[in-house]
Amino acid sequence: MAETAHEIKDSVVEAMAEAGHDRKRLRSVTLTSGDTPSAGSTSYPDGSALIRVSEAVLALIPVYSRHLALSVARPSLFLKRLRWRRRSFDTALLAAVLRFTSRVERSSGRVQTLPIDLEPFQQHTASLIATHGLRFVIAHELAHHLQGPADRLAYQAVLAAQHHDESGEPSLVPLGALVAVAVLHHAEKSLFVRGARHSPVNSRLGVLWEEVPFHDRSSFNSYATGLFEATDLAANFIQGSRPSVDWELLPAAPEHPFARCDELQSLTPAQLVVELHRWPAIGSGARALLDGRIEDAAGLWEVPLDRFHGWQSQTPLAASTLRLGLRTARGLEDLAELERCPVVEAMAALVEHRVIGV
């Protein structure tokens, strides 16, 4: 994990300690990245704790922040004289970028984001929003460790940290908190087959709404609408539904194999079997799975049966765990990497239907 993340954790710890919370208990907390649905914490009997923040969350916070900065950042007086105009929030573009990031991680377990060009003043704003966003994620987990009202205490801690180091305008703190909630919602909804752990979005936004100053509530509402509209568009991975994301907005993305994975999402289980019959060994296993013969499917694909049983009970279950577990199936070894991705996606969709029940 980058050093800056630990520095951000330390700033939150100090803010909470100055507010009267147990300094020793707070300083015993260790921050790491790891295999977690999004972010989580574990407290130990000796008063210490371990906070885990996934690589996906660390990568997505800047993505959301940069898109917000395109419409939030205020240009310099010089640029204003040139009649610089801020861009409106681009919901469709953010949805497409988020979709690409999620598709890559679902298939490969790797985190890959797409760059977005910003002017220097926009990049500065994006960095501040991202800092507040990560502060909020960490503060939320620290609040769990302190057994306090999580989001309320987290917001107050981020605001106190901002006052302490004078990191930008206080009006950016609500946007950082908003980004944090959106990122956690997106990660848990799009990257995991099951195992969401955080409270429903509406209840979390309600808590934040009570903390946001009155003069910032209008912009908070406006950006919340755009962020969560993009998030819900990007995070719809329900098999049999048609995704509502425009891959044409991404450079060279329409020809990308992950775009093909999105096309497969609209297929029914029976249609997926037809799709997979282009590869005999895979198609035979798919037919067995469609008929409910899990043992036969495991044998035909040469995937250990206990792996299927693990997928039935594992919570949380990451989408990438399922797909990486299928990549060793018989019949895939002769496929090129880019061709293998959509095939594994179709196989995983069948497993989700017939084995996991989602």
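Summary of the structure given here. (Residues numbered from 1 in each chain as written. Predicted model: local features only at pLDDT ≥ 70, side-chain atom pairs only at ≥ 80, totals over all residues. Heavy atoms only, no water.)

1. Things to note about the overall build of the protein chain
Move 1: In terms of regular secondary structure, the protein chain is built from 17 helices and five strands.
Move 2: Here the C-alpha atoms of the protein chain give a radius of gyration of 22 Å, agreeing with the 21 Å that 2.2 N^0.38 yields for 358 residues.
Move 3: Dimensions of the protein chain, computed from the C-alpha atoms along their principal axes, are close to 65 × 60 × 30 Å.
Move 4: The buried share among the 358 residues of the protein chain stands at 56%.
Move 5: If you take every contact in the protein chain between residues at least 6 apart in sequence, the share linking residues at least 24 apart comes to 67%. (Helix = DSSP H or I, 4+ residues; strand = E, 2+ residues; numbered from the N terminus. Rg over C-alpha atoms; globule rule 2.2 N^0.38 Å. Buried < 20%, exposed > 50% of the residue type's maximum accessible area, 1.4 Å probe, protein only. Contact = heavy atoms within 4.5 Å.)

2. Considerations on the environment of Met347
Move 1: Along the chain, Met347 turns up in helix H17 (residues 337-356).
Move 2: Residue class for Met347 comes out buried when judged on its relative accessible area of 0%.
Move 3: Expressed as a C-alpha distance, the spacing of Met347 and Glu302, which sit 45 residues apart in the sequence, is 13 Å.
Move 4: Setting aside its immediate chain neighbours within four residues, Met347 contacts Leu276, Ile282, Trp301, Leu326, Ala329 and Leu332.

3. Notes on the sheet that holds strand S1 (residues 29-32)
Move 1: Taking strand neighbours across the sheet as the criterion, the three strands line up as S1-S3-S2 in an open arrangement whose pairing is mixed. With one partner strand each, in any of the chains shown, S1 and strand S2 (39-43) form the two edges of the open sheet. Across the sheet, the mean angle from the axis of one strand to that of its neighbour is 15°, orientation sign disregarded.
Move 2: Judged from the five bridges that link them, S2 and strand S3 (residues 49-53) form a sheet pairing that is antiparallel. (Pairing = 2+ DSSP bridges. Axes fitted to C-alpha atoms, helices over the stretch in contact; angles between N-to-C directions.)

4. Remarks on the side chain of Asp262
Move 1: Positionally, Asp262 belongs in helix H11 (residues 257-265).
Move 2: Judged by relative accessible area, which is 4%, Asp262 ranks as buried.
Move 3: Residues in contact with Asp262, not counting those within four places in the same chain, are Arg99, Arg103, Pro243 and Trp247.

5. A few points about the packing of aromatic side chains
Move 1: This structure, assessed with the given rule, holds three aromatic pairs.
Move 2: Ring centres of Phe308 and Trp311 lie 5.2 Å apart, and the angle between their planes is 65°; on these two criteria the pair is classed as edge-to-face. A residue pair is termed a helical-turn pair when its members lie 3 or 4 positions apart in one helix, as Phe308 and Trp311 do in helix H15 (residues 305-313) at three residues.
Move 3: Put simply, the rings of Phe100, Trp247 and Phe258 pair up and form one aromatic cluster.
Move 4: In this structure, Arg99 packs its charged tip against the face of Phe237, placed 4.0 Å from the ring centre.
Move 5: Of note, Arg106 hangs over the ring of Phe237, and the distance from its end group to the ring centre comes to 4.1 Å. (Phe/Tyr/Trp six-rings, centres within 6.5 Å; stacked < 30°, edge-to-face > 60°. Lys NZ or Arg CZ within 6 Å of the ring centre and 35° of its normal.)

6. Some points on the pattern of salt bridges
Where side chains of opposite charge bring their charged atoms close, a pairing between them can arise.
Move 1: Under the criterion given, the structure shown has 17 salt bridges.
Move 2: Of the charged contacts, one joins Arg260 and Glu263 as a salt bridge, the two residues approaching to 2.7 Å between their closest N and O atoms. Of the two residues, Arg260 and Glu263 both sit in helix H11, three residues apart, roughly one turn of that helix.
Move 3: Between Glu275 and Arg260 there is a salt bridge; the shortest N-O distance is 2.6 Å. Of this pair, Glu275 sits in helix H12 (residues 269-276) while Arg260 sits in helix H11, placing them 15 residues apart in sequence.
Move 4: Given the relative accessible area of 18%, Glu275 is considered buried.
Move 5: For Arg260, a relative accessible area of 28% corresponds to the partly exposed category.
Move 6: If you follow the salt bridges from partner to partner, you end up with Arg99, Arg103, Asp262, Arg323, Glu345 and Glu352 in one network. (Salt bridge = Lys/Arg side-chain N within 4 Å of Asp/Glu carboxyl O.)

7. Thoughts on the packing of helix H6 (residues 120-146) against helix H7 (residues 150-165)
Move 1: Relative to each other, H6 and H7 sit at 130°, their axes nearing to 8 Å. Between H6 and H7, the interaxial angle falls into the category oblique. The interaxial crossing formed by H6 with H7 has right-handed handedness. Across the interface between the two elements, His132, Arg135, Phe136, Ala139, His140, Ala143, His144 and Leu146 of H6 pack against Ala150, Asp151, Leu153, Ala154, Tyr155, Ala157, Val158, Ala161, Gln162 and Asp165 of H7. (Parallel < 35°, antiparallel > 145°, perpendicular 65-115°, else oblique. Left-handed = near helix turned anticlockwise from the far one by under 90°.)

8. Notes on unusual backbone geometry
Move 1: Look at the link from Thr315 to Pro316: it is a cis peptide, with omega at -5°.
Move 2: Structurally, Pro316 is set in the loop between H15 and strand S5 (317-318).
Move 3: Positive phi values are uncommon outside glycine, yet Glu302 reaches one of about 55°.
Move 4: Its location among the elements puts Glu302 in the loop between helix H14 (294-301) and H15.

9. Let's talk about the environment of Ala96
Move 1: Here Ala96 shows up in helix H5 (residues 91-108).
Move 2: Taking C-alpha positions, Ala96 is 24 Å from Glu352, a pair spaced 256 residues apart along the chain.

10. Some points on the nonpolar core
Move 1: Ranked by internal contacts, the top residues of the largest apolar core, which has 81 residues, are Met16, Tyr64, Leu68, Phe136, Leu142, Leu178 and Leu227.
Move 2: Sort the elements by how many residues they give to this core and helix H8 (residues 172-190) lands first, with 12 residues.
Move 3: Sequence-distant contacts of Tyr64, defined by excluding residues within four places in its chain, comprise Leu94, Leu98, Val179, Ala182, Val183, His186, Leu227 and Thr231.
Move 4: Counting residues in each nonpolar core, the second largest holds 36 residues, with Ala297, Leu322, Val344 and Met347 among its members. (Core = buried A, V, L, I, M, F, W, Y, C linked by side-chain atoms within 4.5 Å.)

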